[in-house]
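Single-letter residue listing:
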Amino acid sequence: MEALDEHLGPPVDLGDESDSSDNGSRKRHKPKLPLAKPMSVETQTESGFHKTCRICLEHIREAMLHHRWQEAAEYMASYTQILEDRNQVRAQPNKELVWRISTEILHHLPNATVKDYNIIYERMKHSGVKHYLMICLEHSFHLMLHDQIEGAKHQLSVAESWRHGKESVSQLQRIKLIQAYRSLLDYMIWCDKKSTLSKNSSFESDNQGIHTFFRLASTNLQEILKNPGVWDPFILCYVEMLEFYGDYEEALKVLNSYAYDNSFPPNPNAHVYMYQFLKRHDSPEKKLMKVLKNLRLLVSSHELMLDYSFLLLQSEKKSDTQKALEVLLEMLDYACWRSNLDVWKSLHAAIHQLLLHEDGEVVVHKQMVLRKDWWPALHFTSFHAKKDREENTELLEVKASLAKILCPGRPLRYTAEQMPT
């Protein structure tokens, strides 16, 4: 719809068109949103063909805004004649508009078929070259949604081999994206064949067939790490295949590069995948803690911080217990963890361990210095007490036992005892 609005014309501000006799009051009540430019104004240079197309486009927009999709489809069937426009300035915007609007209408038509989509995509691919690669990619997505994996792969293979003129930077980037998704489809076929392979079957031909799709997928997936970006689903697929074939060293190398290569953007998921891999393969706790330490720098409220605090508390070292306290308090700085019993119980355990040391209370108070003014309102009001009493009495008891040590000297109304009404 944004592209459609832009095509029809930019909004204009009519605030200065008011009558001078009422200028003061008009300025005070000037609307915040700009008024839309009238769409049915005929210009002196507009041909009959362009006028017909413009009016048709206005009807399409009106129908779409009111969700009259069948009516919009009927107008769209006529509007496609705009593709015959030979004006070089308008040609590309017109083609993209037809592509975007046609697919949007089909998405909302209950009786639309895959064949209808194929007709639109094929027509738009052959109407120009500028959007060819992105149309192929979108076409493949639609086929994937309808479980036509082979058809989707064919679309990507055609797009991958397509060339036109001198390759631009954007064209190269799109080709890399297409290669990545084609590898993803090879992975999906690999998964399908792996699951259908009989457990009792050990035919070499079957195993070779599966391995062929592994090689096809891995060839391009290996190239992903040479292009900095966020490639989460592709990395997971590649690691799964490597694990299946027992190549744990290569899988670890891939995950390590994805998480720690400075050319890639900071990505919390990369550290999550590394942690999950190490945990699956029973890696030492020291390695697990190192990964979670890096994750904490990116997302201190991540759910795996609960695992991090547990590992720290297990070591029973005072320094690690202090670190666990910091991690848990940082989690509870976020409202999403406010009613999580596991976090509060871990916090109780950390504080209990610290209080066994002479300076334990000082350590806790030091962490609460910057929180003392806002933590009571976040966790320890009478409203929270009433809510916790109704929903989770165990949480109420744990929080009540920590209220004084976390917020000393504060008049808190959070207590495990029933408050008088």
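Residues numbered from 1 in each chain as written. Predicted model: local features only at pLDDT ≥ 70, side-chain atom pairs only at ≥ 80, totals over all residues. Heavy atoms only, no water.

> What is the right way to look at empty space enclosed by the protein in this model?
Rolling a probe over the atoms, with the probe sized like a water molecule, indicates the empty space that remains. By the definition in use, this model includes one cavity of 30 Å³ or more. Estimates place the volume of the largest cavity at around 50 Å³. Met124, Ser127, Gly128, His131 and Ile135 are the residues nearest the centre of the largest cavity, which is lined by 11 residues in total. Counting residues per element, the ones that place at least two in the lining of the largest cavity are α5 (88–108) and α7 (132–145). (1 Å grid on protein atoms, 1.4 Å probe; cavity = no way out; pocket = protein on both sides within 12 Å on 5 of 7 lines; lining within 4 Å. Points joined across faces, edges and corners; volume = space filled by probe spheres on them. Helix = DSSP H or I, 4+ residues; strand = E, 2+ residues; numbered from the N terminus.)

> Any chance you could explain the layout of surface pockets here in plain terms?
Put simply, the second largest pocket is a space of about 280 Å³. Ala73, Met76, Ala77, Leu106 and Ile120 are the residues nearest the centre of the second largest pocket, which is lined by 15 residues in total. Residue assignment for the lining of the second largest pocket shows that the elements contributing at least two residues are α4 (69–79), α5 and α6 (114–125). Partitioned by chemical class, the residues of the lining of the second largest pocket number nine nonpolar, four polar and two charged. (Nonpolar A, V, L, I, M, F, W, Y, C, P; charged D, E, K, R; others polar.)

> Got a minute to help me understand the packing of helix α15 (residues 305–315) against helix α17 (residues 341–354) in this structure?
Angle between the axes and distance between the axes: these two values describe a pair of packed helices. Interaxial distance between α15 and α17 falls to 11 Å at its minimum, and their mutual angle equals 25°. On the basis of their axis angle, the class for α15 and α17 is roughly parallel. Like other packed secondary-structure pairs, α15 and α17 cross with a definite hand, here left-handed. Contacts between α15 and α17 involve Leu306, Ser309 and Leu313 on the former and, on the latter, Asp342, Val343, Ser346, Ala349, Ala350 and Gln353. When its residues are assigned to classes, the contact of α15 with α17 shows five nonpolar, three polar and one charged. (Axes fitted to C-alpha atoms, helices over the stretch in contact; angles between N-to-C directions. Parallel < 35°, antiparallel > 145°, perpendicular 65-115°, else oblique. Left-handed = near helix turned anticlockwise from the far one by under 90°. Contact = heavy atoms within 4.5 Å.)

> So what exactly am I meant to see when it comes to the packing of aromatic side chains here?
Remark: the centre distance and the inter-plane angle together describe each pair of aromatic rings, the angle taken between the planes. This structure, assessed with the given rule, holds 14 aromatic pairs. Consider the rings of tyrosine 117 and tyrosine 121, whose centres lie 6.4 Å apart with planes at 25°: the pair is stacked. Of the two residues, tyrosine 117 and tyrosine 121 are both situated in helix α6; the distance of four residues between them amounts to about one turn of the helix. Here the aromatic rings of phenylalanine 244 and tyrosine 245 are separated by 5.1 Å at their centres, their planes lie at 85°, and the arrangement is edge-to-face. Under the relative-accessibility criterion, tyrosine 245 is labelled partly exposed at 33%. The ring centre of tryptophan 99 lies 3.8 Å from the NZ or CZ of arginine 100, which sits over that ring. (Phe/Tyr/Trp six-rings, centres within 6.5 Å; stacked < 30°, edge-to-face > 60°. Buried < 20%, exposed > 50% of the residue type's maximum accessible area, 1.4 Å probe, protein only. Lys NZ or Arg CZ within 6 Å of the ring centre and 35° of its normal.)

> Quick question: what am I supposed to make of the packing of helix α16 (residues 318–332) against helix α18 (residues 360–368) here?
It is the contact of α16 with α18, at a shortest axis distance of 11 Å, that shows an interaxial angle of 30°. Of the possible angle classes, the one that applies to α16 and α18 is roughly parallel. Like other packed secondary-structure pairs, α16 and α18 cross with a definite hand, here right-handed. Between α16 and α18, the residues in contact are Gln322, Leu325, Glu326 and Leu329 and Val363, Val364, Gln367 and Met368, respectively. Of the residues in the contact of α16 with α18, the class split is five nonpolar, two polar and one charged.

> Explanation requested: the pattern of salt bridges in the structure shown.
Side chains that differ in charge, positive against negative, can pair when their charged atoms come close. For the structure shown, the criterion picks out 20 salt bridges. The closest approach of N and O atoms between lysine 153 and aspartate 186, which form a salt bridge, is 2.6 Å. Of this pair, lysine 153 sits in helix α8 (residues 149–161) while aspartate 186 sits in helix α9 (residues 169–196), placing them 33 residues apart in sequence. We classify aspartate 186 as buried; its relative accessible area is 0%. Note that glutamate 326 is salt-bridged to lysine 323, the shortest N-O span being 3.8 Å. Of this pair, glutamate 326 and lysine 323 both sit in helix α16, separated by three residues, roughly a single helical turn. (Salt bridge = Lys/Arg side-chain N within 4 Å of Asp/Glu carboxyl O.)

> Got a minute to help me understand α7 in this structure?
Think of an α-helix as turning once every 3.6 residues; residues three or four places apart then point the same way. Helix length check: α7, at 14 residues, gives a terminal C-alpha distance of 20 Å against a target of 20 Å (1.5 Å per residue), a fit within 8%. In terms of burial, α7 is a largely internal element, 10 of the 14 residues being buried. Those residues of α7 that fall on the buried side of the exposure criterion are Tyr132, Leu133, Ile135, Cys136, Leu137, His139, Ser140, His142, Leu143 and Met144. Buried residues along α7 sit against α5, α6, α8 and α9. (Expected span 1.5 Å × (residues − 1).)

> What am I meant to see in the confidence of the model for the protein here?
Detailed reading of the predicted coordinates is not advisable wherever pLDDT is low. Per-chain confidence: the protein averages 85 in pLDDT, with 85% of residues scoring 70 or above. Within the protein, the lowest mean pLDDT, 46, falls on helix α2 (residues 23–28), and the highest, 98, falls on helix α13 (residues 268–280). Predicted confidence for residues 10–28 stays below pLDDT 50, and this span has 13 contacts to residues more than four positions away or in other chains. (pLDDT = per-residue confidence, 0-100.)

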